[in-house]
Amino acid sequence: MQATLIQAPASKEQRLTAAIAVALMLCLALYVWPRSTVQAVVVPPFMSIFATSVAIADGLTGFLLWTQFRASGRVVFAALACAYAFTTVAAAFHLVVYPGVFAASGLFGAGRQTAIWIWLLWRAGYAVLAALALATRKWPPIQRIEQRRLSGALIIVGSIGLSLALSLAATAARDQLPNLVSSTPSYRHLSANPILLSVWAICLASLLIHVFVTRLRTPMDLWLAVALLAGFIDVTLTLGAGARYSLGWYAARIASMVSANAVLGMLMSETSRTYQRLADAHRALKELSVRDGLTGVFNRAYFDERYPREVALATATGNPLSVLLVDVDHFKDYNDAFGHLAGDECLRRIAQALNSSLWRQTDFVARYGGEEFVVVLPACDPEASLTIAERLRQTIAEMELPVTRANGRHVTVSIGHASSRFHPHAQAAGLLASADAALYEAKARGRNRVENNREDGLKDSFDHRQAAVR
């Protein structure tokens, strides 16, 4: 995931999603701008909801970035985590000093200017720290785990301490700071002040520098640009609104929430995709672990684990279960005649033919050992399973694999059949032994045939000269 975020190029889907988000924000800003001073309905709880959601989103983003730094050692993640830790504290402090939320003029002795100054520190601090993080993009990863922990802790604690110190300073110096809001009793209108315009310029410069340096190549570059643009729109609409609870003010707060959630959404999406890729890889590895490396069908270990469960299930439900043991006739002579590579290819083709001839999802074929395969047919009565066995025999014969001197014919198989219907008291090993005995009988009677083992001593068989049970 670390390489995906800062090295791998952003996908078309990610670029399209980011482009839609940017288009919606710009459309909102352009629509609201001429109407930004229009007074809207005053919703006192809105400020609490807004600041709390932003603080939580920024805190989660900072934590996820910090975990990326802990895992990869890349300093850029720590630098960005520092930016979000800074805004988390600033957003939380902005809430507690905001007039009318917890007290008429805010907590901690906040004055009329405190909230706006902390908001400016919040916006400017994020823009500056995000721009400074660009300088760490090419720094080599910190290899030592202990050094990562120490440096990561120092960076995060330093960022939180800086944000807290600036917020407390803005609160304590409420009477010394320049006035950024008018002195009207309503405390609604912002005044035109160079400090406000400077913060606006810092946010714009940070956005432009980020786009110029990164060229928006990676997912992190792309969504950090969205966050910086949303922050710039926040400042722009706030200055244009000139009043709290105006249309522009509400729109600016929405843009601020977008800024807080842009990178968080990307990180959560990438985390989800990483877990999905891990789950897919786990399934693939598990699939490989139960497959025979040569033939691709299930291996003996898988058969030994699943077959007893199928027998137990058949016993519990009263459904029949049939077992087929398949042996390639004169395979040693085939290997001697054509070589082991040709023998391997022969086994592969036979295994694929057996597997593709099974139509039900519950049926399965496994390599039993050497040139032997075992086919398990759950919930399959003897008549149907004998028909399947004959179909398998015919399928192999019709493949017309090269002849050998031993039999003068194409490659064939002998099949031993056993069904729990004919062996109601047999356990898993006993039923398999019955199929093995039937296979031995098939080979003794000339091969290229199907033999059925019954507990009552009667024999049913198929061979290449007949297509019905006798």
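The rules we used
- Residues numbered from 1 in each chain as written.
- Predicted model: local features only at pLDDT ≥ 70, side-chain atom pairs only at ≥ 80, totals over all residues.
- Heavy atoms only, no water.
- Helix = DSSP H or I, 4+ residues; strand = E, 2+ residues; numbered from the N terminus.
- Rg over C-alpha atoms; globule rule 2.2 N^0.38 Å.
- Buried < 20%, exposed > 50% of the residue type's maximum accessible area, 1.4 Å probe, protein only.
- Pairing = 2+ DSSP bridges.
- Patch = residues over 30% accessible without salt bridge, like charges linked within 9 Å, V, L, I, M, F, W, Y side chains within 5 Å.
- Areas by Shrake-Rupley, 256 points an atom, 1.4 Å probe, with all protein chains shown as cover.
- Salt bridge = Lys/Arg side-chain N within 4 Å of Asp/Glu carboxyl O.
- Contact = heavy atoms within 4.5 Å.
- Expected span 1.5 Å × (residues − 1).
- Arc of directions from axis to C-beta.
- Core = buried A, V, L, I, M, F, W, Y, C linked by side-chain atoms within 4.5 Å.
- Axes fitted to C-alpha atoms, helices over the stretch in contact; angles between N-to-C directions.
- Parallel < 35°, antiparallel > 145°, perpendicular 65-115°, else oblique.
- Left-handed = near helix turned anticlockwise from the far one by under 90°.
- Nonpolar A, V, L, I, M, F, W, Y, C, P; charged D, E, K, R; others polar.
- Right-handed = clockwise from strand over helix to strand, strands pointing away.
- Disulfide = S-S within 2.5 Å.

Asks: Break down the overall build of the protein for me, citing the residues and quoting the values.
Replies: Within the protein, the secondary structure is distributed over 14 helices and 6 strands. Taking 470 residues into account, the globule formula puts the C-alpha radius of gyration at 23 Å, and the protein, at 37 Å, lies well above it. Reported as C-alpha extents along the three principal axes, the dimensions of the protein are approximately 110 × 45 × 45 Å. Considering the protein as a whole, with its 470 residues, one finds that 49% of them fall into the buried category.

Asks: Summarise the pairing of strand 1 (residues 321–328); cite the residues concerned and give the values.
Replies: When you tally the buried positions in strand 1, you get 8 out of 8 residues, the bulk of the element. Taken together, the 7 bridges between strand 1 and strand 3 (residues 372–378) define a ladder with antiparallel strand orientation. Counterpart to Asp 327 in the pairing with strand 3 is Glu 372. The pairing of strand 1 with strand 4 (residues 413–419) spans 7 bridges and is classified as antiparallel. Note that in strand 4 the partner of Leu 325 across the bridge is Gly 416.

Asks: Go over unusual backbone geometry, please, and point to the residues and values.
Replies: In the Ramachandran plot, His 330 falls in the positive-phi region, its phi being about 50° despite a non-glycine side chain. Since its relative accessible area comes to 26%, His 330 is described here as partly exposed. With a phi angle near 55°, Glu 400 is a residue other than glycine that sits in the positive phi range. Among the structural elements, Glu 400 can be located in the loop between helix 13 (382–398) and strand 4.

Asks: Pulling in residues and values, what's your account of a nonpolar patch on the surface?
Replies: A surface patch of nonpolar side chains, amounting to about 310 Å² of accessible area, comprises Leu 16, Ile 20 and Leu 24. By the element assignment, Leu 16 lies in helix 2 (residues 12–32). For Leu 16, a relative accessible area of 54% translates into the label exposed.

Asks: I'd like a rundown of the side chain of Glu 372, residues and numbers included.
Replies: Within the secondary structure, Glu 372 sits in strand 3. Apart from the residues within four sequence positions on either side, Glu 372 is in contact with Val 326, Asp 327, Arg 367 and Leu 439.

Asks: How would you explain helix 2 if you had to name every residue and give the values?
Replies: Given 3.6 residues per helical turn, the α-helix brings residues three or four places apart onto the same face. Spanning 21 residues, helix 2 covers 30 Å between terminal C-alpha atoms, matching the ideal 30 Å at 1.5 Å per step. For helix 2, the full list of buried residues reads Gln 14, Ala 18, Ala 21, Met 25, Ala 29 and Val 32. Taken end-on, helix 2 shows its buried residues confined to a sector of 75°, consistent with a single buried face. Opposite the packed face of helix 2, turned more than 90 degrees from it, sit the exposed residues Lys 12, Glu 13, Leu 16, Leu 24, Cys 27 and Leu 30. Of the surrounding secondary structure, the elements contacted by the buried residues of helix 2 are helix 8 (219–241) and helix 9 (247–289).

Asks: Lay out helix 14 (residues 428–444) in plain terms, naming residues and giving numbers.
Replies: With 17 residues, helix 14 extends 25 Å from end C-alpha to end C-alpha; this agrees with the ideal 24 Å at 1.5 Å per step. Check the buried side of helix 14 and you find it contacts helix 10 (300–317), strand 1, strand 2 (364–369), strand 3, strand 4 and strand 5 (449–453). Directly after helix 14, the chain includes Gly 446, whose backbone phi takes a positive value near 115°.

Asks: So, the nonpolar core: which residues are in play, and what are the values?
Replies: Counting 44 residues, the largest nonpolar core has Leu 65, Met 220, Trp 223 and Val 263 as its most contacted members. Of all the secondary structure elements, the ones that give two or more residues to this core are helix 2, helix 3 (45–72), helix 4 (75–97), helix 5 (114–133), helix 8 and helix 9. If sequence neighbours within four positions are ignored, Val 263 has contacts with Thr 61, Tyr 84, Met 220, Trp 223, Leu 224 and Ala 227. Of all hydrophobic cores here, the second largest spans 38 residues; its members include Phe 50, Val 96, Leu 196 and Val 199.

Asks: Residues and numbers for the packing of helix 5 against helix 6 (residues 145–172), please.
Replies: Where helix 5 contacts helix 6, the axes come no closer than 9 Å and their chain directions differ by 155°. The angle between the axes of helix 5 and helix 6 places the two elements in the roughly antiparallel class. Like other packed secondary-structure pairs, helix 5 and helix 6 cross with a definite hand, here right-handed. Counted together, Thr 114, Trp 117, Ile 118 and Leu 121 of helix 5 and Leu 166, Ser 167, Ala 170 and Thr 171 of helix 6 form the full contact between these two elements. Tallied by class, residues from the contact of helix 5 with helix 6 come to 5 nonpolar, 3 polar and no charged.

Asks: Any chance you could break down the pairing of strand 4 for me, citing the residues and the numbers?
Replies: Among the 7 residues of strand 4, 7 are classified as buried, and the element is accordingly described as predominantly covered. Burial along strand 4 is two-sided: Val 413, Ile 415, His 417 and Ser 419 facing one way and Ser 414, Gly 416 and Ala 418 facing the other are all buried. When strand 4 meets strand 5, the two strands line up parallel, connected through 4 bridges. By the bridge assignment for strand 5, His 417 is matched with Asn 452. What joins strand 4 to strand 5 is helix 14, and the crossover it makes is left-handed.

Asks: Give a description of the state of the cysteines that names residues and reports values.
Replies: Per the stated rule, a full pass over the model turns up 0 disulfides. Here Cys 203 is not cross-linked by a disulfide; its sulfur's nearest cysteine counterpart is in Cys 82, at 16 Å.

Asks: Break down the packing of helix 3 against helix 9 for me, citing the residues and quoting the values.
Replies: Two quantities define a packed helix pair, namely the angle between the helix axes and the distance between the axes. It is the contact of helix 3 with helix 9, at a shortest axis distance of 9 Å, that shows an interaxial angle of 25°. One element, helix 3, and the other, helix 9, form an angle in the roughly parallel class. As for the relative orientation of helix 3 and helix 9, their crossing is left-handed in sense. Note on element contacts: helix 9 touches helix 3 through Trp 249, Tyr 250, Arg 253, Ser 256, Met 257, Ala 260, Asn 261, Val 263, Leu 264, Leu 267 and Met 268, opposite Phe 46, Met 47, Phe 50, Ser 53, Val 54, Ala 57, Asp 58, Leu 60, Thr 61, Leu 64 and Leu 65. For the contact of helix 3 with helix 9, the class distribution of residues is 16 nonpolar, 4 polar and 2 charged.

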